[in-house]
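Examining the three-dimensional arrangement
The chain contents come next:
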Amino acid sequence: MVPLTLSPSDYRRLATVLRTLARTGARPVLVRLGLVRGAALDEVAAGAAGAAGAAYEGLVAALEELGPTFVKLGQIMATRSDLLPPELTNRLGRLHDDVSPVPFESIRDQLAVDLGGPPDEIFAEFSSTPIAAASIAQVYAARLRSGEEVVVKVRRPGIETIMRADLRLLAAAARVVERRAPALRRHKPVRVVTELGEALLEEIDLRIEARNQTEIRRRGTAFQVPFVHDRFTTERTMVSTRARGRSPNGAFRRDEPALARALAPEAARGLLSMILLDGVFHGDPHPGNVLVTADGRLALLDFGSVGRLSAKRREQVLVVLGSLVDADVRAVSDVLMDWSGRSGSPPPGLEQAVDRFFLRYAADSGRPIRLAEAISEFITIARENALTLPPDLLLLLRALGTAEGLARTLDPDLDVIAAIAPVVVRAFAARFKPKALAARAFRTFKELDQILAMAPEALRRVIGRVSRDGLVVQVSSSDFTDLPRAMRRAGDTIALGIVVAALLVAVALVTVAQDDQLAALVRVAILLLGGAGLIAFLRRLYRD
């Protein structure tokens, strides 16, 4: 949790931040957020063509100038297409994380403490010239005494202090936005900044990155993942096997066209397997974090951003993917409502927007589907219906779009949907394995047990309130429009339930009355019909 009080040094930093933002032309954005007073961004944009774009460019320039916390803030904001307009997120997505390296003399003592001795004594070889430098850490090449080539990732000195100070300012700014910008209040800016702070502080703890990398390596993905040497890994230092290879970019595709075409579907399938089958995935698989090794495999690097999906979340993602086949508008609308934490009736335009989405992207739409385009439109539906998506899902959607970009860099003609179809089929099949069925049944019974435990107290409160205040029923004319359909569905559901119950009773009667071969065949036939009816009954209940 980010502290709520600011120190004198925080106020000095705040003055620097505001001066930088004002100087770079980002003032209209601050006005819209309620942080300063003046003409709002919409008013500026209406008065001068391109003014909004200039303000967004100024904001990006200011974030780059303000340092690592604000660069990371911008990179995370770039994933929030459910909250921010695409004109801004596209610009934020171009934020650069490259900075000048810190001199090795400033890092030497810190590194010696973390390694347990000077690097030239711990390693057989150690180069003091970094091979990469970013806002949070820089990387050095070394060789263990066993002869193994490794990379040493070292956190920049003082970065944690800087980030914690900047996060205090962001928390204060979020509270102001929540007070002064009613249009943005529904997005819960204080909660967003809290989640941002937790994510940033996790990213600078290299032990967490090491655990992520080790876990994905242990799961045996389609990608090669470098081995982490735990004995040299601390909060500020991480040592892992060095992966050598070429970046899977356009130059590689031109030099190795056959290998590039072979690796393209592997890249798409590999990431989707991590998402749907493992529930743990690389959050930023762009070409800079991927190498093609000498033996023709894809290697993943930099596990600072890793996503995790619960079993329930993976099932919901499968519902959305499966709905592309049968265009189940209601199911996808329900999932979107659940993701946003909303209850009650969906927003008026949600189901129509989902229906239009299916017309464009369903399996029978007859048009080539670009995954990144479909994801962007899906997020737009959420934003236009005031549905805020959770961070784990936004990371997933960003990772899917990035993976498609990587695959198309290797093979521009790749049909990504056809390439990932086998993974989706495997994920659907995995849901019906005995272990998965048992896990879902356990979750269902656990939820039912909680409901039964709470029911008496809840019922007592309802009865007490009705007896005290009476029963008030509010009905609007719009509620009657769906009444005939609702009554028809309810009648169909009751009838289906009665038929299923009758079939199950018939099985019991035949079982008790006879025990010959004919009775066995009758039992099997009735059981199959009863099972099919039960599935249809449960499916109808789920949709309703």
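Preceding block: the structure.
Quick look at the structure, then.

**Overview of the packing of helix α9 (residues 159–180) against helix α11 (residues 189–203)**
Any two packed helices are characterised by how steeply their axes cross, that is the angle between the axes, and by the distance between the axes. Where α9 contacts α11, the two axes come as close as 8 Å, and the packing angle between them is 165 degrees. With respect to their mutual orientation, α9 and α11 come out roughly antiparallel. Crossing angle aside, the handedness with which α9 passes α11 is right-handed. Counted together, M163, R164, L167, L170, A171, A174, R175, V177 and E178 of α9 and P189, V190, V193, L196, G197, L200 and L201 of α11 form the full contact between these two elements. Class assignment for the residues of the contact of α9 with α11 results in twelve nonpolar, one polar and three charged.

**Examining the pattern of salt bridges**
Under the defined criterion, the tally for this structure stands at 22 salt bridges. With a shortest N-O distance of 2.8 Å, D10 and R168 are connected by a salt bridge. Of the two residues, D10 sits in helix α1 (residues 8–23) while R168 sits in helix α9, which places them 158 residues apart along the sequence. Between D205 and R207 there is a salt bridge, with the nearest N and O atoms lying 2.9 Å from each other. What makes D205 buried here is its relative accessible area of 11%. Residue class for R207 comes out partly exposed when judged on its relative accessible area of 38%. When salt bridges with common partners are traced through the structure, they connect R155, E160, R164, D205, R207 and E235 into a single cluster.

**A closer look at the pairing of strand β5 (residues 237–241)**
The element β5 is extensively covered by neighbouring structure, given that four of its five residues are classed as buried. Taken together, the five bridges between strand β4 (residues 149–155) and β5 define a ladder with antiparallel strand orientation. Note that in β5 the partner of V151 across the bridge is S240.

**Quick word on the side chain of Q110**
Relative to the helices and strands, Q110 is located in helix α7 (residues 104–115). A distance of 3.0 Å separates a polar side-chain atom of Q110 from the backbone oxygen of R155. If we skip the residues at most four places from it in the chain, Q110 touches V154, R155, P157 and R236.

About the thresholds
Residues numbered from 1 in each chain as written. Predicted model: local features only at pLDDT ≥ 70, side-chain atom pairs only at ≥ 80, totals over all residues. Heavy atoms only, no water. Axes fitted to C-alpha atoms, helices over the stretch in contact; angles between N-to-C directions. Helix = DSSP H or I, 4+ residues; strand = E, 2+ residues; numbered from the N terminus. Parallel < 35°, antiparallel > 145°, perpendicular 65-115°, else oblique. Left-handed = near helix turned anticlockwise from the far one by under 90°. Contact = heavy atoms within 4.5 Å. Nonpolar A, V, L, I, M, F, W, Y, C, P; charged D, E, K, R; others polar. Salt bridge = Lys/Arg side-chain N within 4 Å of Asp/Glu carboxyl O. Buried < 20%, exposed > 50% of the residue type's maximum accessible area, 1.4 Å probe, protein only. Pairing = 2+ DSSP bridges. Polar contact = N/O pair within 3.5 Å; in protein donor to acceptor, adjacent residues only side chain to side chain.

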